[in-house]
Amino acid sequence: MNNQYILLPASPLFIAFSLIVAFVLNLMPWGQMVGVPDFVALALVFWNIHQPRKVGISVAFLMGLLMDVNEATLLGENALAYTLLSYFAIMIHRRVLWFPLRTQALHVLPLMLLAQAVQLVIQLLVTGKSPDWFYFSESLVSALLWPVVSLLLLAPQRRAVNRDENRPI
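Since this is a predicted model, take the numbers as computed values, not measurements. (Residues numbered from 1 in each chain as written. Predicted model: local features only at pLDDT ≥ 70, side-chain atom pairs only at ≥ 80, totals over all residues. Heavy atoms only, no water.)

Caption draft 1: Structural context of the overall build of the protein chain. Across its full length, the protein chain holds six helices and zero strands. Counting from the amino terminus, the protein chain carries its helices and strands in the arrangement α-α-α-α-α-α. The 169 residues of the protein chain split such that 38% are buried. Pairs at least 24 apart in sequence give 67% of the contacts found in the protein chain among residues at least 6 apart. Accessible area of the protein chain: about 10200 Å², with a carbon and sulfur share of 69%. (Helix = DSSP H or I, 4+ residues; strand = E, 2+ residues; numbered from the N terminus. Buried < 20%, exposed > 50% of the residue type's maximum accessible area, 1.4 Å probe, protein only. Contact = heavy atoms within 4.5 Å. Areas by Shrake-Rupley, 256 points an atom, 1.4 Å probe, with all protein chains shown as cover.)

As structure tokens, this is what we get:
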């Protein structure tokens with residue numbers, strides 16, 4: 001079976017909806033537990049790779065500020081991490097799209113590790129406390145979830161392989 005699809009343009013409303021859903025998932029009580037991925041970071045990386053002109057660094061900065069307010073962290077901590085995450089995701093977006101989903105996950109892992117490392121350095125500088133060994137498990141879980149997130153967020157853009165003449169697109 002050929003899995004090559006012609007993708008329709010991404011709807012700005014769907015992009016905004018997916019970012020809001022990611023934000024709400026981070027608001028959940030289990031969002032701060034060890035090993036639970038940062039859904040906002042994952043959605044930002046996805047949209048920066050697939051739609052870099054629609055979701056850019058400014059959107060990442062605003063989402064970071066929202067996460068800073070939500071988590072009551074130092075204002076700008078998540079904003080800086082998300083901005084750097086988006087910058088590097090946009091830099092490699094053309095390369096990543098050439099690979100299958102599993103290999104894309106290997107490209108996403110260093111991006112997620114970078115964002116967590118930035119947050120870790122800021123927390124160390126401000127509080128002097130270091131997290132436990134499982135701190136970076138969030139990045140590993142995010143990379144493992146990459147194929148699922150990609151399939152879910154690309155689903156509304158897929159065009160049918162067998163075109164129906166009664167359907168306009």
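Caption draft 2: Main features of unusual backbone geometry. With a phi angle near 55°, A72 is a residue other than glycine that sits in the positive phi range. By the secondary structure assignment, A72 is in the loop between α3 (57–71) and α4 (77–96). Since its relative accessible area comes to 70%, A72 is described here as exposed.

Caption draft 3: Up close: the packing of aromatic side chains. Taken as a whole and judged by the stated rule, the model has six aromatic pairs. Judged by centre distance (4.8 Å) and plane angle (80°), the rings of F46 and W47 are edge-to-face. Assessed through its relative accessible area of 0%, F46 is described here as buried. For the pair Y135 and F136, a centre-to-centre distance of 5.1 Å together with 85° between the ring planes defines the contact as edge-to-face. (Phe/Tyr/Trp six-rings, centres within 6.5 Å; stacked < 30°, edge-to-face > 60°.)

Caption draft 4: Just the nonpolar core, in detail. Counting 36 residues, the largest nonpolar core has V40, L44, V45, W47, Y82, L85 and W146 as the members making the most contacts within it. Where this core is concerned, the elements lending two or more residues are α1 (12–27), α2 (39–50), α3, α4, α5 (101–127) and α6 (137–154). Setting aside residues up to four positions removed in sequence, V45 forms contacts with L85, V108, L111, M112 and W146. (Core = buried A, V, L, I, M, F, W, Y, C linked by side-chain atoms within 4.5 Å.)

Caption draft 5: The arrangement of the UniProt feature "transmembrane region" (unreviewed entry) in the protein chain in detail. UniProt's feature table lists "transmembrane region" (unreviewed entry) at residues 6–27, 79–96, 108–127 and 133–155, given in the numbering used throughout. Spanning residues 6–27, this segment combines 73% helix with 0% strand, and its end C-alpha atoms are found 34 Å apart. What you have in residues 108–127 is 100% helix and 0% strand, and the ends, taken at the C-alpha atoms, are 28 Å apart. (UniProt positions renumbered as here; feature names shortened; annotations may be inferred.)

Caption draft 6: Spotlight on the side chain of H93. Looking at the secondary structure, you find H93 in helix α4. Those residues in contact with H93, other than ones at most four positions away along the chain, are N48, I49 and P52.

Caption draft 7: Region of the structure containing α5. With 27 residues, α5 should cover 39 Å at 1.5 Å per step; its first-to-last C-alpha distance of 38 Å lies within 8% of that length. Summarising the contacts, the buried residues of α5 are in contact with α2, α4 and α6. A positive backbone phi angle near 80° is found at G128, which sits one or two residues after α5. (Expected span 1.5 Å × (residues − 1).)

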